[in-house]
Amino acid sequence: IETCWDKHSSQTSTVITSAQRRKQQTVKMCCSGFLKIMMFIFNGAIFLAGVAILAVGVWVKVDSGSLLGVLDNIEDAPAELGQLANVAYLLIGVGVVLLIMGFLGCCGAMKESRCMLMLFFIIILIIFIAEVAGCILVLVFQPLAKEILEDLSEKVVASIKKDYGNDGSLTSLWNGTMEQFKCCGFRNYTDFDGSPFQGNPTISVYPLTCCKNTATCMEPAAESSEVIGCFNMLLNLIEDNAVIIGAVGLGIAALEIAAMVVSMVLYQQIGNK
């Protein structure tokens, strides 16, 4: 009887152990599947963010009518302003890297490649550190933007009075900028007084963008229209974009942190198999 009971107990124990193992395997499979789904979601979001940033970078690069193009032609401009020319290349570079990272993370999760997951983690960590540094630079630059542009005011107005209406490239650049941003001159319509555009100094004529709903833009119409200067428009553009870039940066940073955590958990699980 004792022998039969021992055999029965042993068989029962084996059945229970097998059931527990199957349960544990099921839980591990569900957990692994959940982590893979999260990796796909995070990396899909990172991939889409890369597409958006790349598109913005390309747009900034090809937009020859940008206000940055106007400021780029000013002689003796501050060195800080020259760094803005690299914004397009920075955005394109970050966008391309995020595209690659999104693809690499999805492949690493799907193929359960520890090498891909570790490479993904390291590069995302480097990007995260670079983004933190970039956000700090944006926060530092924003308060200086108004001061830098005010220092440039006299030089920009002098270039308008000297070359607007005479230099074809500068005239086209200013016309494109004023039409795009609905502004007039750097400070206001008086920036064009004495420029080659007016020709006859006794007749005060201004670009059409300086007036509203008129076939010709004379001084009374320009004064009453009160079209904002491109200086204020550029300040608003910098402030608005700084807020947008900061918000997008925080969102991407949160995704990157989550993706790094999930990738390391998945990396550990694959190693335990």
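Located above this text is the structure these notes cover.
Residues numbered from 1 in each chain as written. Predicted model: local features only at pLDDT ≥ 70, side-chain atom pairs only at ≥ 80, totals over all residues. Heavy atoms only, no water.

**Student:** Tell me what's going on with the overall build of the protein, and back it up with residues and numbers.
**Tutor:** Along its length, the protein carries eight helices and zero strands. Each helix (α) and strand (β) of the protein, taken in turn from the N terminus, gives the series α-α-α-α-α-α-α-α. Considering the protein as a whole, with its 273 residues, one finds that 33% of them fall into the buried category. Taking as baseline every contact in the protein between residues at least 6 positions apart, the subset at least 24 positions apart corresponds to 73%. Accessible area of the protein: about 16100 Å², with a carbon and sulfur share of 66%. (Helix = DSSP H or I, 4+ residues; strand = E, 2+ residues; numbered from the N terminus. Buried < 20%, exposed > 50% of the residue type's maximum accessible area, 1.4 Å probe, protein only. Contact = heavy atoms within 4.5 Å. Areas by Shrake-Rupley, 256 points an atom, 1.4 Å probe, with all protein chains shown as cover.)

**Student:** Outline the state of the cysteines, supporting the account with residue identities and numerical values.
**Tutor:** Linking two cysteines covalently via their sulfur atoms produces the bond known as a disulfide. Counted by the stated rule, this structure contains three disulfides. Across the disulfide, Cys 183 is cross-linked to Cys 230 (sulfur-sulfur distance 2.0 Å). Because the sign of the S-S torsion sets the handedness, a value of about 80° for the bond joining Cys 183 and Cys 230 places this disulfide among the right-handed ones. In this pair, Cys 183 sits in the loop between helix H6 (168–181) and helix H7 (219–225) while Cys 230 sits in helix H8 (residues 230–272), placing the two residues 47 residues apart along the sequence. Each member of the pair, Cys 183 as well as Cys 230, is classed as buried. Between the sulfur of Cys 211 and that of Cys 217 lies a disulfide, 1.9 Å long from S to S. Taking the torsion about the S-S bond as the criterion, the Cys 211 to Cys 217 disulfide, at about 70°, is right-handed. Of the two residues examined, Cys 211 and Cys 217, each falls in the buried class. For the protein, numbering the cysteines in disulfides from first to last along the sequence yields the connectivity 1-6, 2-3, 4-5. (Disulfide = S-S within 2.5 Å.)

**Student:** Go over the nonpolar core, please, and point to the residues and values.
**Tutor:** One finds Trp 174 and Phe 192 to be the most contacted residues of the largest nonpolar core, which totals 25 residues. At the level of elements, helix H5 (114–163), H6, H7 and H8 are the ones that each hand at least two residues to this core. No other element matches the five residues that H5 contributes to this core. (Core = buried A, V, L, I, M, F, W, Y, C linked by side-chain atoms within 4.5 Å.)

**Student:** Any details on the packing of aromatic side chains? Residues and values, ideally.
**Tutor:** Scanning the entire structure with this criterion turns up four aromatic pairs. Aromatic pair Tyr 164 and Phe 192: ring centres 4.9 Å apart, planes at 65°, arrangement edge-to-face. With Tyr 164 in the loop between H5 and H6 and Phe 192 in the loop between H6 and H7, this pair connects stretches of sequence that are 28 residues apart. An identical accessibility class is assigned to Tyr 164 and Phe 192; each is buried. A connected cluster of aromatic rings, assembled from ring pairs, spans Tyr 164, Phe 192 and Phe 197. (Phe/Tyr/Trp six-rings, centres within 6.5 Å; stacked < 30°, edge-to-face > 60°.)

**Student:** Tell me what's going on with a nonpolar patch on the surface, and back it up with residues and numbers.
**Tutor:** A cluster of nonpolar side chains, Phe 47, Leu 48 and Val 51, forms an exposed patch at the surface whose accessible area comes to about 270 Å². Tracing the backbone shows Val 51 in helix H1 (residues 2–62). (Patch = residues over 30% accessible without salt bridge, like charges linked within 9 Å, V, L, I, M, F, W, Y side chains within 5 Å. Salt bridge = Lys/Arg side-chain N within 4 Å of Asp/Glu carboxyl O.)

**Student:** How would you sum up the pattern of salt bridges? Please name residues and give values.
**Tutor:** This structure, assessed with the given rule, holds one salt bridge. As a salt-bridge pair, Arg 187 and Asp 191 come within 3.3 Å of each other at their nearest N and O atoms.

**Student:** Tell me about the side chain of Ser 153, residues and numbers included.
**Tutor:** Structurally, the position occupied by Ser 153 is in helix H5. Those residues in contact with Ser 153 that lie beyond four places of it in its chain are Phe 186 and Arg 187.

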